[in-house]
Amino acid sequence: MGLRSDRAHNCAECQYMKTYDYGKRIYYCDHANRTDDMGKLGVDELPEGSHEWCPLREK
């Protein structure tokens, strides 16, 4: 997954993070410019930082 804590955006505080509950909580990114088609962030737990493909990450 490759998290960098020094410049990582926190998904838990992001306005684009959405959750669905289908027996397990599915977290995903709803940002239009994400490079990952599914935008899946995690199941039952949200990552501590952000994924490498996060469109809000500082480059």
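Parameters and conventions
- Residues numbered from 1 in each chain as written.
- Predicted model: local features only at pLDDT ≥ 70, side-chain atom pairs only at ≥ 80, totals over all residues.
- Heavy atoms only, no water.
- Pairing = 2+ DSSP bridges.
- Helix = DSSP H or I, 4+ residues; strand = E, 2+ residues; numbered from the N terminus.
- Axes fitted to C-alpha atoms, helices over the stretch in contact; angles between N-to-C directions.
- Buried < 20%, exposed > 50% of the residue type's maximum accessible area, 1.4 Å probe, protein only.
- Polar contact = N/O pair within 3.5 Å; in protein donor to acceptor, adjacent residues only side chain to side chain.

Moving on, we come to the sheet that holds strand β1 (residues 17-21). Here 3 strands make up an open sheet; going across it, the order is β1-β2-β3 and the pairing antiparallel. Looking along the sheet, the strands with just one partner apiece sit at the ends: β1 and β3 (40-43). In this sheet, neighbouring strand axes are inclined to one another by 20 degrees on average, regardless of whether the strands run parallel or antiparallel. Pairing between strand β2 (residues 25-29) and β3: 3 bridges, direction antiparallel. From the neighbouring strand, Ile26 faces β3, where its bridge partner is Val43.

With that settled, the discussion passes to the side chain of His51. Relative to the helices and strands, His51 resides in the segment after β3. With a relative accessible area of 10%, His51 lands in the buried category. From its side chain, His51 meets the backbone oxygen of Leu41 in a polar contact 3.2 Å long.

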